[in-house]
Structures are given as structure tokens and as C-alpha cells.
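Examination of the molecular architecture
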Protein chains: 2
Amino acid sequence: MNNFTFFNPTRIHFGKGQIAKIKEEIPANAKVMLTYGGGSIKKNGVYDQVMDALQGYEVVEFNGIEPNPHYETLVKAIALAKKESVTYILAVGGGSVIDGSKFIAAGSVYDGDSWDIIQTSGACVEAAIPLGCVLTLPATGSEMNCGSVVTKASTKDKLSFKSAHVHPVFSILDPQTTYTLPKRQIANGAVDSFVHTVEQYITYPVNAKVPDRLAESLLLTILEDGPVALEDPTNYDARANLMWVSTMALNGTLKTGVPTDWATHMIGHELTGLYNLDHAQTLAIVIPAVWKFKKQQKREKLLQYAERVFALHQGSEEERIDLAIQKTEEFFVLMGNPTRLSAYGLGEKDIPAVQEKLILHGLVKLGEHGDITPKEAGEILKLAL
Amino acid sequence: MNNFTFFNPTRIHFGKGQIAKIKEEIPANAKVMLTYGGGSIKKNGVYDQVMDALQGYEVVEFNGIEPNPHYETLVKAIALAKKESVTYILAVGGGSVIDGSKFIAAGSVYDGDSWDIIQTSGACVEAAIPLGCVLTLPATGSEMNCGSVVTKASTKDKLSFKSAHVHPVFSILDPQTTYTLPKRQIANGAVDSFVHTVEQYITYPVNAKVPDRLAESLLLTILEDGPVALEDPTNYDARANLMWVSTMALNGTLKTGVPTDWATHMIGHELTGLYNLDHAQTLAIVIPAVWKFKKQQKREKLLQYAERVFALHQGSEEERIDLAIQKTEEFFVLMGNPTRLSAYGLGEKDIPAVQEKLILHGLVKLGEHGDITPKEAGEILKLAL
């Protein structure tokens, strides 16, 4: 078991009717900037619930934060937050709205060019406006961590930053808010949570039993309740389990004492930045290929995964590993995410641009051993043609 | 899945050499009260490591905090903390030292009689001196929660309080500090963690898959690594897994969305207060009896426990449940804790005093349904003669 530091000060209010807790969390004298996306919250009643809870507060609205939130959009929000002297940000939406709001929270009190925040991966952030969240799409885990991913549309750069200052003060998770989500978003969220989990699990064994078994717990739950959530959108427990899984998958608990391999997310970000694929689509393409490419290095954990997650006890080790990878791909397909570049109209000709972006972004030593260079990333993508 | 609120702001530094992190956590100008127990930390090198990390700080020592920390001892520490104008408390030890230090932290800035803190279950606590911990005995989970149990020796009252103000700011968990523990303490710690886990698991099903599976993860790990830790005291991974299990078992994660049944701890506290049994001994006695007494109410979760923790798939439901209870008792015995009152020289004649104490302490509606009155507690104890 490896050394680790764990810290997560976000307060979670989970369940039915919890949106009303906003008024317990945000100081009465706060000037609140309400941030949200394309307006679906106005159709499903979430906006009304939030505004009810915000009665008595001075509220400034900023909407239109898009999927893979654009730097170009967020700087407008920063300008508004500064002009209005906002003292609290309330993000209502999924991971993109929350990630974008983290950037707004930090950028609004940063004196220099806010792009510095991305370029320093967050190191220049010394303060932020306090942030609360109402999560409406379980997927990214952003509601309970200090990370954020922002895309500069003009240059197709999708990049992340981290700062303890943008840890949400609180997040409200009411599974009912997800009932009206399009199937594609629920499916993508399940795949994102699944891949977050395996990226902290399928590396090499260090005998850290708690995070290993927690990973298996989350994976089994996604495999069971992901399809249920698609079939039966108002099944509360399925939505609730998926929602709590998605938060637990990236709140730091899973990496307590184990190595991690974020190569899939990093390569996936370049695919989204360049070719506008959904985040989950990129993950479904890349991770089976990473496992095939790194089968020997990841052998022991792939066998554990085969046995404990898919109950595969028959056949040779090679057969069990291959079958576990196949079953993973089948699950992604079942959740609407094909696992080949060709399914999205991409091919071998599109790989060099990904490699160039990885070099540009300094992402040249990926994986738990730091041995996935842009060259290996190209080899990996060739396994997913 | 039930509604819940989760909040845990303690920073954990886990692993080898982490005691040095004390100086990153405690402000340089702090006046530190170092609290500890009977002095084992002076024999095993932990005291020296702590004092190394505290170089440059003004330090006041308070030692002699006993197992089941006595109110009578702790008020002396409060007097010292007030006299010395202490600004930070560093607890070095197991759950008793940490629980006692939480009381000191709250009592040192409380104007009234510090017994009020217990009598109001912590409701009167409005502030506390910041607390850091170096855990040397994995068991109670106190290092990452806001609860504390204190015993008034003069009246044999063992009672608890909770306050967000006594949540440790940080806790350092170096599994190597546990190498020199007596076997009995490691065994007791494993039983305590096991029982914390099942008290949040064996109730009734609410389809909350994450906490259920996490509970099973912790139980399987204790069953595997508890005996290893006893056999092979310097097996780092076994000690590390037990240490992280004990923290995870009572840091709030397990109760996210599920009912809980603390009857065993409450009845056990009275047994310790009255008859001076080890805390873990009382748990080993009470919980199998609670399950036997509440077999119908807990039927579905006991079956799940039988299947997922002990892999019992054969026989009738009744047989599987009985075998799971039997295997639990066997594990407690293996860990040196007999599961019958008679093994500790107690009998039916000693039960009424327990019932009287429960009444005195207002603990008259225990269990996940609030239907374990002192009368039922007596019936439960009769199943453990």
C-alpha cells in the first residue's frame, strides 16, 4: 500500500428535496452568481426549485455554459462576476457547468490573464469565490473534487487545472433531477464513472485492499444499474446509486494508497478537443486499447478485474483477460458508446494530430509507469481503429 | 436509498514517515498541548518522531489519558490548557487519547461546567481548540470523525458527544506505529472496526449499493488481514489495510443512505462502564445476540451478509443466517474475544444493572427501528449468557 494524503471538505446533501438546503449553505448577505448551461433546468423544474431556495438573495445569472466548457465563454462570466462584485457562485448542472464555474470562481479574483490558471495547472490560484453546486448529471465527479477541465475553442485545447481553492463548499445531489436527462447523457455519465474507477484500479497490485474492493463495488453497481437507469428513467434507486457512484469514483477515496493511470482521460481529452467527440465516447475508445497495449504490465489487476467484476474463473489467464476486456467493450456499446474510432468517422490519418496535441500539452509520460509517450499513444489508438 | 448529508473535513496523511507532516499542519506560532496515554509512545519511538516534528514549537505535555478516558482525568487537562493558553492540541495514541483530546479541545474554551458537554451530547459546544492526531492504534475511527466517548469513573457512566468543532483538522496514520502494539489491542481494534461496519450494514435493505458493498469490502479485509496482523506484526500491508479499514469504518462513508443500528455499542458501553470489560469484548458479546434476537427484522441483510461476506450459498435461509452468525462469533474468538458473558465472569444477575444504566442515560429506543428498549436489551443479553 502506497503513502497518500486524503482531504475532501465538500459537504454533500444527497436525496429528495435537498435543493432547499441551499439557503442553509449560502450566507444570507451573499451576492450569488447562478451559473448554468443550455437551459434544460428551466424545463425540468430544477431552476424553479433553485430560485425558490434563493429567495431573499441578490442573484446574477450567467447561462450558456456549453459541454466541454469554453474558455471564451467563461471569461465573459468572469467579467460579469467582477462587475457585479459577486461573493458566491452556485453552479447548477453537470460536470461542464461545475468545471466552468470552478474556473469562474478562481478567475474572478485573479489579477492576471485567467488563461494563466490553465497554463500553470492551477498553481497560480491563491483564492477563489466560494462555490456551491446542484448536480443534475452524474458523471464527472467534479461536484466533490478540486479539478476542472476547460477547452479553448479557438485552438482546440482541452486542458485541466486543480486547486484546493475551488473545492465546492457544498454540493446537492437529488437523483430526481436526472429523470429528464436524455438517455445519451445518462449512458455517457455511467461510462465516465466506470472509466474513472478503472483508471484508479487497473494498474499494478500494491495490496491496498480497501480502494481495490471499493473500485470493484462501484464497477459492479454501474454494470447493474446503468442499464436499469436507461430502461426505467424514474427508478429512483438506480439513479441514486449511479449518482453516488459517480461522486465516489472521483472524490479521492479510490486512489487512497494505489497507483493511477490517467492516460485514457488525457488521450481522450485530445480526441474531444480535436474532433468534438463526447467525452465518454473517447473513453470507450481509448481504455480497451490501453489495456490491450499494456496487457503484460496490467496483467495481475486485469485478472483480478476479470475474476471479481465479471466472475470469470474459467480458461487460461490470457482468455480471462481478453474476455474481461471484451465484456467491458460490450458494456460500453450497450450504453451507446462504440469502442472504435471508425464508428465516429475517424481513422489512422487522424492519429498524428492527437500525438501533436499531447506533445504541445506536455503530456509525454502518461500511465502508471510514465511510459506512455505520444508514440505509444499512437500505437494505442491504432488498436482502436 | 435514504437521504443523507456527508461532511468530513479531516485531512489524512497515511503511510511511512508521515509524522513529519505535523509541522506542515500546525501553525508555526501555535502553543501545542501534546496529549497521550500511558507512555508506550516513549518506548516505540513515536514520541521521539513527534517531538522531532514539533521542534521550534512551544509544547505542553499532558499524559496519562487512560483507556475509556476518564472525565476526572480530562478536567485536569482542561485546567492545564486554560492556564497555559494552549492554541493547538496534538493527540498521540488510540481512540481513547483522541476521544479524550476532543473533550479537552471543547472543554478548554467552554465557560460552564465541562460535564455539560456530555449531558447535552455536544449541543452546547460552540468552539474548540484545533485538534490534530497521530493515530497509533487502529480501532475506533475517532481520528476522522466528530464523536467522542468519555467515562465518568465516579459514577460508571460511559457516554458520548458529537460536535463538528472537534473534527480533527488532520490525522496522521503510519501503520508502522502499530508494530509494537500488544496482540490484544490489535485484535480488539479489528473487532471494533468489524462491529462499526456491521452496525451500519445489518439493518434492513434500502437498495443503497455503494455503502452496502463498501461494508462488505471492509469486512472481507478485516477477516483476511486481522489474523495476518496478529501472526506477523511487522507485515506492513496487513497493518496498513487494517488501519485504513478502521478509519473508513467510521468516517461517515458507510452510512451514506442507509439505516444504522448502534444498539450494540450503546449496550456495550454500559457493560464497560459497569464491569470494566474491554470495549471490543462487549461488542463481541452483544452483536451476535442482537442478530439472534432480531433475526426476522434483519433477515434480508443477514442473508446478504452470509452470501457476500462468508460465501454461504448452500442450505436453507435459516441455516445460512445461523452459520453466518456462528462464523462471526468464531472470528471474534479467533481474535481473542469470547462472545459470552460467562467468559468474563458475568451472568444473568448482572443484566438488571445494565438495564438501569440504559434508562438513566435515556437509551430506551435503540436499533434501526427504535424498538430495543431496556427490556429487549435484557432479552438480548440473556442470549449471550
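Quick caveat, the model's predicted, so the values are computed rather than measured.

Quick notes on the rules
- Residues numbered from 1 in each chain as written.
- Chains lettered and ligands numbered in written order.
- Predicted model: local features only at pLDDT ≥ 70, side-chain atom pairs only at ≥ 80, totals over all residues.
- Heavy atoms only, no water.
- Helix = DSSP H or I, 4+ residues; strand = E, 2+ residues; numbered from the N terminus.
- Rg over C-alpha atoms; globule rule 2.2 N^0.38 Å.
- Buried < 20%, exposed > 50% of the residue type's maximum accessible area, 1.4 Å probe, protein only.
- Contact = heavy atoms within 4.5 Å.
- UniProt positions renumbered as here; feature names shortened; annotations may be inferred.
- Salt bridge = Lys/Arg side-chain N within 4 Å of Asp/Glu carboxyl O.
- Least-squares fit on C-alpha atoms with pLDDT ≥ 70 in both.
- Pairing = 2+ DSSP bridges.
- Axes fitted to C-alpha atoms, helices over the stretch in contact; angles between N-to-C directions.
- Core = buried A, V, L, I, M, F, W, Y, C linked by side-chain atoms within 4.5 Å.
- Buried area = accessible area lost by both parts, 1.4 Å probe.
- Polar contact = N/O pair within 3.5 Å; in protein donor to acceptor, adjacent residues only side chain to side chain.
- Domains from an automatic or database assignment.
- Nonpolar A, V, L, I, M, F, W, Y, C, P; charged D, E, K, R; others polar.
- Parallel < 35°, antiparallel > 145°, perpendicular 65-115°, else oblique.
- Left-handed = near helix turned anticlockwise from the far one by under 90°.

This part is about the overall build of chain A. Within chain A, the secondary structure is distributed over 15 helices and eight strands. Taken over the C-alpha trace, chain A has a radius of gyration of 20 Å; the compact-globule value for 385 residues is 21 Å, and the two agree within 12%. A principal-axis box enclosing the C-alpha atoms of chain A has dimensions of 65 × 45 × 45 Å. Buried residues in chain A amount to 63% of all 385 residues. Looking at chain A alone, contacts between residues at least 24 apart form 78% of all its contacts between residues at least 6 apart.

When the UniProt feature table is mapped to this numbering, "domain: Fe-containing alcohol dehydrogenase-like C-terminal" (unreviewed entry) covers residues 187–357 of chain A. The span residues 187–357 of chain A shows a helical share of 65% and a strand share of 0%, and its end C-alpha atoms are spaced 28 Å apart.

Side chains that differ in charge, positive against negative, can pair when their charged atoms come close. In the structure shown here, the tally under the stated rule is 44 salt bridges over all chains. Overlapping salt bridges, with partners in common, bring together Lys 295, Arg 299, Glu 317, Glu 318 and Asp 322 of chain A in one network.

Let's shift gears to the relation of the copies chain B and chain A. Its rotation angle being 180 degrees, the transformation that places chain B on chain A also includes 0.0 Å of axial translation and leaves an RMSD of 0.0 Å. On the angle and the small slide along the axis, the relation comes out as a two-fold axis. Of the C-alpha atoms belonging to chain B, the one lying closest to the rotation axis is found on Pro 9 of chain B, 2.1 Å away. Mapped onto chain A, 100% of the interface residues of chain B are again interface residues, and the two copies thus contact each other with one and the same surface.

This part is about the sheet that holds strand 1 (residues 4–14) of chain A. Pairing is mixed across the open sheet formed by 12 strands, whose spatial order is 3(A)-2(A)-4(A)-5(A)-8(A)-1(A)-1(B)-8(B)-5(B)-4(B)-2(B)-3(B). Single-partner strands in this sheet number two, and they are strand 3 (58–62) of chain A together with strand 3 (58–62) of chain B. Direction aside, the axes of adjacent strands within the sheet are offset by 25 degrees on average. Pairing of strand 4 (residues 88–93) of chain B with strand 5 (residues 131–135) of chain B, which is carried by five bridges, proceeds in the parallel orientation. Along strand 5 of chain B, the bridge assignment pairs Leu 90 of chain B with Gly 132 of chain B. Its contacts with the sheet put helix 9 (residues 236–248) of chain A on strand 1, strand 5 (131–135) and strand 8 (170–173) of chain A together with strand 1 (4–14) of chain B, and the angle it makes with strand 1 of chain A is roughly 150 degrees.

What follows covers the UniProt feature "domain: Alcohol dehydrogenase iron-type/glycerol dehydrogenase GldA" (unreviewed entry) in chain A. Residues given the UniProt feature "domain: Alcohol dehydrogenase iron-type/glycerol dehydrogenase GldA" (unreviewed entry) here are residues 9–175 of chain A. Secondary structure content for residues 9–175 of chain A is 29% helix and 26% strand, while the C-alpha to C-alpha distance between its ends is 22 Å.

Once that is clear, we can look at the nonpolar core. Counting 226 residues, the largest nonpolar core has Phe 14 and Tyr 305 of chain A together with Phe 14 and Tyr 305 of chain B as the members making the most contacts within it. The contacts of Phe 14 of chain A, once residues within four sequence positions are left out, are Leu 173, Pro 175, Tyr 236, Ala 240, Met 243 and Trp 244 of chain A together with Met 1, Asn 3 and Phe 4 of chain B.

This part covers the interface of chain B and chain A. Across the contact, 41 residues belong to chain B and 41 residues belong to chain A. Interface area, chain B with chain A, both sides summed: about 3500 Å², of which 53% is carbon and sulfur. A per-residue breakdown of the area chain B buries against chain A is headed by Met 1, Val 210 and Arg 213 of chain B, which together make up 18% of the total. With its nearest N and O atoms 2.7 Å apart, the salt bridge here joins Lys 209 of chain A to Glu 224 of chain B. For the interface between chain B and chain A, the tally reads 29 residue pairs in polar contact (both at pLDDT 80 or more). Elements that contribute at least two residues to the side of chain B that touches chain A include exactly strand 1, helix 8 (209–231) and helix 9 (236–248) of chain B.

Moving on to the domain arrangement of chain A. Residue and element names in this part refer to chain A. Splitting chain A by domain gives domain 1 (11–177) and domain 2 (183–382). The C-alpha-based centres of domain 1 and domain 2 are spaced at 26 Å. Taken together, the contacts link 26 residues of domain 1 with 25 residues of domain 2. Both sides together, the interface formed by domain 1 and domain 2 hides about 2100 Å², and carbon and sulfur atoms give 63% of it. There are one salt bridge connecting domain 1 and domain 2. For Lys 357, the salt bridge is made with Asp 157, and the minimal N-O distance between the two is 2.9 Å. Here domain 1 and domain 2 share six residue pairs in polar contact (both at pLDDT 80 or more) between them. Contributions of two or more residues to the side of domain 1 that touches domain 2 are made by strand 1 and strand 7 (157–162). The biggest single contributor to the side of domain 1 that touches domain 2 is strand 7, with four residues. Classifying every residue of the side of domain 1 that touches domain 2 gives 11 nonpolar, eight polar and seven charged.

This paragraph deals with the pairing of strand 8 of chain A. Residue and element names in this part refer to chain A. The alternating pattern of strand 8 places Phe 170 and Ile 172 on one face and Ser 171 and Leu 173 on the opposite face, and all of these are buried. Here strand 1 runs beside strand 8; their pairing, made up of four bridges, is parallel. Counted as the bridge partner of Phe 14 is Leu 173 from strand 8.

This brings us to the packing of helix 10 (residues 263–275) of chain A against helix 11 (residues 279–293) of chain A. All names here are of chain A. Running from N to C, helix 10 and helix 11 cross one another at 135 degrees; their axes reach a closest spacing of 8 Å. Taken together, the axis directions place helix 10 and helix 11 in an arrangement best described as oblique. Between helix 10 and helix 11 lies a crossing whose hand is right-handed. Contacts from Thr 264, His 265, Ile 267, Gly 268, His 269, Leu 271 and Thr 272 of helix 10 reach helix 11 at His 279, Thr 282, Leu 283, Val 286, Ile 287 and Val 290. Grouping the amino acids of the contact of helix 10 with helix 11 by side-chain chemistry returns six nonpolar, seven polar and no charged.

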